[in-house]
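Chain residues, written in single-letter form:
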Amino acid sequence: MEFIEIRRPDDFHLHVRQGEPMAYWVRASARDFARALIMPNTIPPADSPERVEAYRAAILAAVREDPETAGFTPLMAFKIMPGMGAERVAGLKAAGCLAGKYYPAGATTNSSDGLSSPAAAREALLAMEELGLPLSIHAELPEYFVLDREKAFLPTIERLSRDYPKLRIVIEHLSCAESLEFLRSMPERVCATVTVHHLLYTMDETMGEGLNPHFFCKPCLKTPRDRQALQDAVLSGNPRIFFGSDSAPHALSKKEGPFSLGGPYAPGGVFSAPAALPLLAAFFEEGGMLSRLENFTSAFGAAFYGLPRNSGRLRLVKRDSRVPEEIAGALPMLAGRQLPFDVERKEGA
Ligand code: DOR
Ligand code: ZN
């Protein structure tokens, strides 16, 4: 096998930030991915039609500067705020939002203004259910021990699914074996994304040798058992599990300090997008399931969100490629390292 050709992929969970580095960070995704669902945990949050439109326009301007990335489509998610009303949700849908994002208050980067419980957003959730807007969830309860936070959130999802029986739900960045068990017990309208870092790595990367902030994320990387469960589920070709990178660049200065007593400390986020596709190709190949890569990256997610599949194609060629050392002040995952596959866009794709 010298290469595998797939339909151009989607990334259904991406952070690209704001300001000057955004252009470089989003282009690192837009070279490989045809579309990405852009997360709304900006400052201020993407929680109104005006803010979402301005954010989308800034992203589009950035990708259009480079012919290699000009065809990229940002898909927008809005942040669900406490007390958000039905009219606002309808406006966000009219502005083209594809999903609303539930951040438990304090669970991750820029989420202190998030939700203390689903009750805090009852009207918005009812409106989303009515309008057919999927609910994207950061599923962690920050009050719990860090390794148990995702597991602790599962009963909340069960309740959400019961209270909003038509609502379609995505559990983002699944990280533990219990969540996979839980997913199997839920109706088909509950799906999940998996990142490349949770799929391939464990806490060993974060702290097995030295403390590595570039592998620190929320939910944090877990145990070999959890990783095995994720790998089995992804290789099984389950259509309810699709790719969302949760690629989340942070400036080196924030990741590496200096820190002072009392914080702030290194923020969570793995800038995985530049290495994602070569790593996924290697993973599916090693698992003897290369033919299932395309569904994971380019079909199941589009089906969940009711989008047409991308028309372009892309080749993953079996030759070494090198992850950039640095991109606009942030360190990509595996910076400077060799990967066993290289991404090649097909003519006209
Ligand atoms: O590690 C993470 N980083 N997890 C998230 O949920 C948010 C993200 C970010 O925005 O940095
Ligand atoms: Zn995220």
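Report on the accompanying structure. All figures in this text were calculated on a predicted structure; none of them were measured in a lab.

What counts, and where the lines are drawn
One numbering rule holds for all chains: residues counted from 1, following each sequence as written. Labels follow written order: the first chain is A, the first ligand is 1, and so on. The predicted origin of the model limits local features to residues at a pLDDT of at least 70 and limits the giving and counting of side-chain atom pairs to 80 or more, whereas totals for whole chains, interfaces and linings rest on all residues. Derived side-chain values reflect all non-hydrogen atoms in the structure, with water molecules and hydrogen atoms excluded from consideration. Near, as used in this document, describes a residue that has one of its heavy atoms within 4 Å of the molecule or strand being considered. By the criterion applied in these results, polar contacts are pairs of N or O atoms within 3.5 Å in which, for protein atoms, one can donate a hydrogen and the other can accept it, and in which residues neighboring in sequence qualify only through two side-chain atoms. Note that accessible areas follow from Shrake-Rupley with a 1.4 Å probe, and for residues the cover is restricted to the protein chains shown. Gly is placed with the polar residues, together with every amino acid not listed as nonpolar (Ala, Val, Leu, Ile, Met, Phe, Trp, Tyr, Cys and Pro) or charged (Asp, Glu, Lys and Arg). For Na, K and Ca the donor cut-off is 3.2 Å, while for other metals it is 2.8 Å, and in both cases only N, O and S atoms qualify; water is not among them, so sites may look incomplete. Elements are defined by DSSP. Helices are runs of H or I of four residues or more, strands are runs of E of two residues or more, and each kind is numbered from the N terminus. Working definition: with a 1.4 Å probe on protein chains only, accessible area under 20% of the residue-type maximum means buried, over 50% means exposed, and in between means partly exposed. Classification of ring pairs uses Phe, Tyr and Trp, with its six-membered ring standing for Trp, and accepts pairs whose centres are within 6.5 Å; under 30 degrees between planes counts as stacked, over 60 as edge-to-face, and the remaining range as tilted. When DSSP locates at least two bridges between a pair of strands, those strands are taken to pair. Every axis corresponds to a line fitted to the C-alpha atoms, with the helix fit spanning only the stretch in contact, and the corresponding angles, defined between N-to-C directions, vary from 0 to 180 degrees. Two residues qualify as a contact provided that any one of their heavy atoms is within 4.5 Å of a heavy atom in the partner residue. Any Lys or Arg side-chain nitrogen found within 4 Å of a carboxyl oxygen on Asp or Glu counts as a salt bridge.

## Details of the site of ligand 1
By nearness alone, 14 residues border ligand 1, and R17, N41, T108, K218 and H250 come closest of all. In this structure, an oxygen atom belonging to ligand 1 sits 3.3 Å away from a side-chain N or O atom of H15. The contact in question runs from an oxygen atom of ligand 1 to an N or O atom on the side chain of H138, over 3.0 Å. For ligand 1, the accessible surface in isolation is 290 Å², of which the surrounding protein chains cover 100%. Its residues placed into classes, the shell around ligand 1 shows two nonpolar, nine polar and three charged.

## Here's the deal with the coordination of the zinc ion (ligand 2)
Around the zinc ion (ligand 2), the protein supplies H13 (NE2), H15 (NE2) and D246 (OD) as donor atoms, at distances of 2.0 to 2.1 Å. Counting gaps between the donor residues of the zinc ion (ligand 2) yields the pattern H-x1-H-x230-D. Note that H13 is positioned in strand β2 (residues 10-14) and D246 in the loop between β9 (241-243) and α10 (252-256), a separation of 233 residues in sequence. No difference in accessibility class separates H13 from D246, as the two residues are buried.

## Considering unusual backbone geometry
In this model, I43 is joined to P44 through a cis peptide bond whose omega is -5 degrees. Positionally, P44 belongs in the loop between β3 (35-38) and α2 (49-64). Note the cis peptide between G257 and P258, where omega equals 10 degrees. Topologically, P258 is positioned in the loop between α10 and α11 (273-286). Located in the positive-phi region is N110, a residue other than glycine, with phi close to 50 degrees. Looking at N110, the relative accessible area reads 30%, which means it is partly exposed.

## Thoughts on the packing of aromatic side chains
Counting across every chain of the model gives 12 aromatic pairs. Centroid distance Y201 to F215: 5.0 Å. Interplanar angle 70 degrees. Geometry classified as edge-to-face. Here the residue Y201 occupies a position in the loop between α7 (196-200) and α8 (203-207), and F215 occupies one in the loop between α8 and α9 (224-235), the gap between them amounting to 14 residues. Judged by relative accessible area, F215 falls into the buried class, the value being 8%. With a centroid separation of 5.8 Å and 35 degrees between ring planes, the pair formed by F242 and F304 is classed as tilted. Placement of the pair is F242 in strand β9 and F304 in helix α13 (residues 300-305), with a sequence separation of 62 residues. Judged by its relative accessible area of 0%, F242 is buried. Relative accessible area serves as the criterion here: at 8%, F304 is assigned to the buried category.

## Focus on the sheet that holds strand β1 (residues 3-7)
With antiparallel pairing, the three strands of this open sheet are ordered in space as β1-β10-β13. Every other strand in the sheet has two partners, leaving β1 and β13 (342-345) as the edge strands with one partner each. Looking at each pair of strands side by side, their axes are set apart by 25 degrees on average, direction ignored. Direction of pairing for β1 relative to strand β10 (residues 313-317): antiparallel, over a ladder of five bridges. Bridge pairing in β10 links E5 to R315.

## Topic: the side chain of T109
Structurally, T109 can be placed in the loop between β5 (99-102) and α4 (122-131). For T109, a relative accessible area of 17% translates into the label buried. In this structure, T109 is in contact with N41, H250 and G268, ignoring residues within four places of it in sequence.

## Side note on the sheet that holds strand β8 (residues 190-194)
In space, the eight strands of this open sheet follow the order β2-β3-β4-β5-β6-β7-β8-β9, with parallel pairing throughout. This sheet does not close on itself; its edge strands, each paired only once, are β2 and β9. Going from strand to strand, the sheet's axes swing by 30 degrees on average, the running direction of each strand aside. As judged from the three bridges shared by strand β7 (residues 169-171) and β8, these two strands associate in the parallel manner. Opposite I171, over in β8, you have A192 as the bridge partner.

## Side note on the pattern of salt bridges
Counted under the stated rule, the structure contains 17 salt bridges. The salt bridge partner of R225 is E178, with a shortest N-O separation of 3.7 Å. Of this pair, R225 sits in helix α9 while E178 is found in helix α6 (residues 177-185), placing the two residues 47 residues apart along the sequence. E325 is the partner of R322 in a salt bridge, and the nearest nitrogen-oxygen pair spans 3.7 Å. Each of the salt bridges in this network shares a partner with another, and the network as a whole consists of E5, E294, R313 and R315.

## A short note on the side chain of H15
Mapped onto the elements, H15 comes out in the loop between β2 and α1 (20-30). The buried category is assigned to H15, whose relative accessible area is 7%. Of note is the side chain of H15, whose polar atom sits 3.3 Å from the side chain of H13. Apart from residues lying up to four places away in sequence, H15 is in contact with M39, N41, Y103, D246, S247, A248 and P249.

These results come straight from atomic positions and should not be treated as a statement about function.
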